[in-house]
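Per-entry structural report
Letter by letter, the chains look like this.
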Amino acid sequence: MSEQTSPATVSKPIPSITPDLAEFFAGARRGELMVQKCEGCGVLRFPAHETCANCLDRRAKWVPVSGRGTVYSFNIMHQVYHPGFAGEVPYAVVVVQLDEGVKFISNLVGIKPHDIRCGMPVEVIFEKINEEITLPKFRPRAGS
Amino acid sequence: MSLRGKCAIAGLGQTRMGKNFDHPNAMGFAVEAVKLALDDAGLTRDALDGLLVNPGITWSENQMASFSLQQALGLRNLRLSAMMNLGGATAAAMIMHAVQAIASGMATTVACVFADAPLRPPSPRKNGGGSAAAYGFARGLNAAYGLFGVNAQYAFVARRHMHLYGTTSDHLGAIAVAQRKWANMNPAAQFCDTPMTLDDYHKSRWVVEPFHLYDCCLVSNGGLAVIVTSSERAKDLKKPPVYILGMGQGHPGGDPMDTLVSGAPIAKETAFAMAGVELSDIQFAELYDCYTFTVLVTLEDYGFCPKGEGGPFVADGKTAPGGSLPVNTGGGQLSSFYMWGMTPVAEAVVQVRGEAGARQVPRHDVCLVSGNGGILSTHSTLVLSSRV
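1. What about the overall build of chain B?
Secondary structure summary: chain B contains 14 helices and 11 strands in total. Computed over its C-alpha atoms, the radius of gyration of chain B comes to 19 Å, within 12% of the 21 Å expected for a compact globule of 388 residues. Judged by the C-alpha coordinates and their principal axes, chain B covers about 50 × 50 × 40 Å. Out of the 388 residues belonging to chain B, those deemed buried represent 57%. Nonlocal contacts in chain B, meaning residues at least 24 apart in sequence, comprise 75% of its contacts between residues at least 6 apart.

2. Quick look at the sheet that holds strand β2 (residues 44–45) of chain A
All names here are of chain A. Judged by pairing direction, the sheet is antiparallel, and its 3 strands sit side by side in the order β2-β1-β3 without closing on themselves. Two strands lie at the open edges of the sheet, namely β2 and β3 (60–65), each paired on one side alone. As judged from the 2 bridges shared by strand β1 (residues 33–38) and β2, these two strands associate in the antiparallel manner. Paired with Gln 36 across the two strands is Arg 45, which belongs to β2.

3. Regarding the sheet that holds strand β3 (residues 80–83) of chain B
All names here are of chain B. If you walk across this open sheet you meet the 9 strands as β3-β2-β4-β7-β1-β8-β11-β10-β9, and the pairing is mixed. The open sheet has two edge strands with one neighbour each: β3 and β9 (284–286). The mean angle between the axes of side-by-side strands here comes to 25°, regardless of whether they run parallel or antiparallel. With 3 bridges joining them, β9 and strand β10 (residues 366–373) adopt parallel strand pairing. The residue bridging Ala 285 from the neighbouring strand is Leu 368, located in β10.

4. Details of the confidence of the model for chain B
On average, residues of chain B score 95 in pLDDT, and 97% of them are at 70 or above. Among the prediction metrics, the complex's ipTM stands at 0.93, with pTM recorded as 0.95.

5. Some details on the packing of helix α1 (residues 26–41) of chain B against helix α2 (residues 65–73) of chain B
Residues and elements named next belong to chain B. Taken N-terminus to C-terminus, the directions of α1 and α2 make an angle of 65°; their axes are 10 Å apart at the nearest point. Two packed elements cross with a definite hand, and for α1 against α2 that hand is right-handed. Here Met 27, Ala 30, Val 31 and Val 34 of α1 come into contact with α2, specifically with Ser 68, Leu 69, Ala 72 and Leu 73. In the contact of α1 with α2, the residues fall into 7 nonpolar, 1 polar and no charged.

6. Quick notes on helix α14 (residues 342–353) of chain B
Residue and element names in this part refer to chain B. Look at α14: 17 Å from first C-alpha to last across 12 residues, which is about the 16 Å you get at 1.5 Å a residue. In terms of burial, α14 is a largely internal element, 11 of the 12 residues being buried. Burial in α14 covers these residues: Met 342, Thr 343, Pro 344, Val 345, Ala 346, Glu 347, Ala 348, Val 349, Val 350, Gln 351 and Val 352. Just downstream of α14, Gly 354 is the residue with a positive phi angle, here 80°.

7. Considerations on the pairing of strand β5 (residues 206–209) of chain B
One face of the sheet, then the other: side chains in a regular strand alternate in exactly this way. Pairing of strand β4 (residues 68–77) of chain A with β5(B), which is carried by 2 bridges, proceeds in the antiparallel orientation. Looking at the pairing, A:Ile76 lines up with B:Glu209 of β5(B). With 2 bridges joining them, β5(B) and strand β6 (residues 211–212) of chain B adopt antiparallel strand pairing. Looking across to β6(B), one finds that B:Trp206 is bridged to B:His212.

8. With respect to the interface of chain B and chain A
Residue-level contacts link 24 residues of chain B with 24 residues of chain A. Contributions of two or more residues to the side of chain B that touches chain A are made by α4 (140–144), α5 (149–165) and β5 of chain B. Of the residues forming the side of chain B that touches chain A, the biggest block, 7 residues, is contributed by α5(B). Its residues placed into classes, the side of chain B that touches chain A shows 13 nonpolar, 6 polar and 5 charged.

9. Focus on the packing of helix α6 (residues 169–183) of chain B against helix α11 (residues 292–301) of chain B
Residues and elements named next belong to chain B. Contact geometry for α6 and α11: axes closest at 9 Å, N-to-C directions at 100°. Relative to α11, α6 is oriented roughly perpendicular. Where α6 abuts α11, its residues His 171, Leu 172, Ile 175 and Ala 176 lie against Thr 292, Phe 293, Val 295 and Leu 296. Of the residues belonging to the contact of α6 with α11, the class tally is 6 nonpolar, 2 polar and no charged.

10. Brief notes about the nonpolar core
Among the nonpolar cores identified, the biggest contains 157 residues, and B:Ile95, B:Cys112, B:Val113, B:Val226, B:Val228, B:Ile244 and B:Leu384 are the most heavily contacted of them. Residue contacts for B:Ile95: discarding those within four places in its chain leaves B:Cys112, B:Val226, B:Val228, B:Ile244 and B:Leu382.

11. Looking at helix α3 (residues 90–103) of chain B
An α-helix turns once per 3.6 residues; consequently, residues spaced three or four apart project the same way. Residues and elements named next belong to chain B. In this model, α3 (14 residues) spans 20 Å end to end at C-alpha, consistent with the 20 Å of a helix rising 1.5 Å per residue. Extensive coverage of α3 is indicated by the burial of 12 of its 14 residues. Of the residues making up α3, those classed as buried are Thr 90, Ala 91, Ala 92, Ala 93, Met 94, Ile 95, Met 96, His 97, Ala 98, Val 99, Ala 101 and Ile 102. Just beyond α3, the residue with positive phi is Gly 105, at close to 85°.

What counts, and at which threshold
- Residues numbered from 1 in each chain as written.
- Chains lettered and ligands numbered in written order.
- Predicted model: local features only at pLDDT ≥ 70, side-chain atom pairs only at ≥ 80, totals over all residues.
- Helix = DSSP H or I, 4+ residues; strand = E, 2+ residues; numbered from the N terminus.
- Rg over C-alpha atoms; globule rule 2.2 N^0.38 Å.
- Buried ≥ 20, exposed ≤ 12 C-beta atoms within 10 Å, placed from the backbone.
- Contact = placed C-beta atoms within 7 Å.
- Pairing = 2+ DSSP bridges.
- Axes fitted to C-alpha atoms, helices over the stretch in contact; angles between N-to-C directions.
- pLDDT = per-residue confidence, 0-100.
- Left-handed = near helix turned anticlockwise from the far one by under 90°.
- Nonpolar A, V, L, I, M, F, W, Y, C, P; charged D, E, K, R; others polar.
- Expected span 1.5 Å × (residues − 1).
- Parallel < 35°, antiparallel > 145°, perpendicular 65-115°, else oblique.
- Core = buried A, V, L, I, M, F, W, Y, C linked by C-beta atoms within 7 Å.

What follows is the structure, given as structure tokens:
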């Protein structure tokens, strides 16, 4: 993790592109949310793992998913654990359950933290941090 | 071969707890705790032939913690030694391992130890001394999204419970208030002199919603040790034996957000069968309480109430002093001190012996103790008793 500082602010932590997340971040730069798919049993997973916990097969590929899902759970962070978030508290962190079943931890934009509800339909957006890192985040969408 | 009642807890050693800096690191607290436990049992260190250690969060550099502690204590010729870590389920799991070793003849007298020193002394630069920063870790994507620490992970699970079952902040607050009432009668509790109403609870600052400050445990410096030996031997020692009637573990795997169930149902099955007890035999309970929410889930998972009804179950104060099911009678980790799984074990020993003073529960012959680690990931159960 690297930190950029300016006289006024400290940036949020920027994730490094570890080998297991290279395809994830490549997808995010293209505007695609990628998850791992086991080539043995077809189960999707995220975060990345070397081995499928469902069938123990090591073969996997990265596949795009719809980026649509619902809020499975969320919290509202009030404590500042990193100075990059000092100006944001209270902010929400959400667990999105994607339509394909995988859970993805992220942030929800375009909504106040206290208006978030479990079950709320959401869709992915992509927030460019720098030339290398784009972070998938989510926004509310009209429910079905 | 049943292990029911074969062994007992014969000694308890507890250092000062909380924002104390009596030792520069966890090892110092561990040594003091073992010394106190030996004194309590009326034993000298020569009696020990087993040493089990649950390293706290500040022992990470110490990959052979039980050997390091052996050296620090000057112990020779041990027959059992291990560092164990199932998070908050470890304390009871160490006791199980000790019982198995003693019953099988591998050892006779085993010290089980937890110590930690995550709090730093106040410095001129920071008016700290109370920071729980050691538990605020995050890396990679989680950090980028601002998801830091264990509080935030448990908050996800608690939110699911609220969403599915209608659990409220009032319900969580009822647990915090009940335990504070117990702490107000415990001179060793950090909040002994600080009463708390449900209103006080609601006014306490948010840490991470749905958790207020008083939903979260008191990260502490300190050390706790118990001495486990055969019941035969324990009868001849200084303190009344606390017999170990039943023991079990349960580690469900998977995602606790999906199930909202701890490992308690699995661990209970083994422990209660060994002990020959039913839930109605349990007179009081010392339940792992890293958060109020953990107590609520644990009560459900042992079957004190159906799944999802933990909130209404605790709302009437039945777990508070004078209630029908005393729970966490020393104030627990929420109002007394956080020593992982040793907090409930220690209070159980004090109560079963009848040494709890103003907070002594009237019926104290059969006690349920639970440990819980990770995010409802690991679980251990003990059934302790004043008689076999």
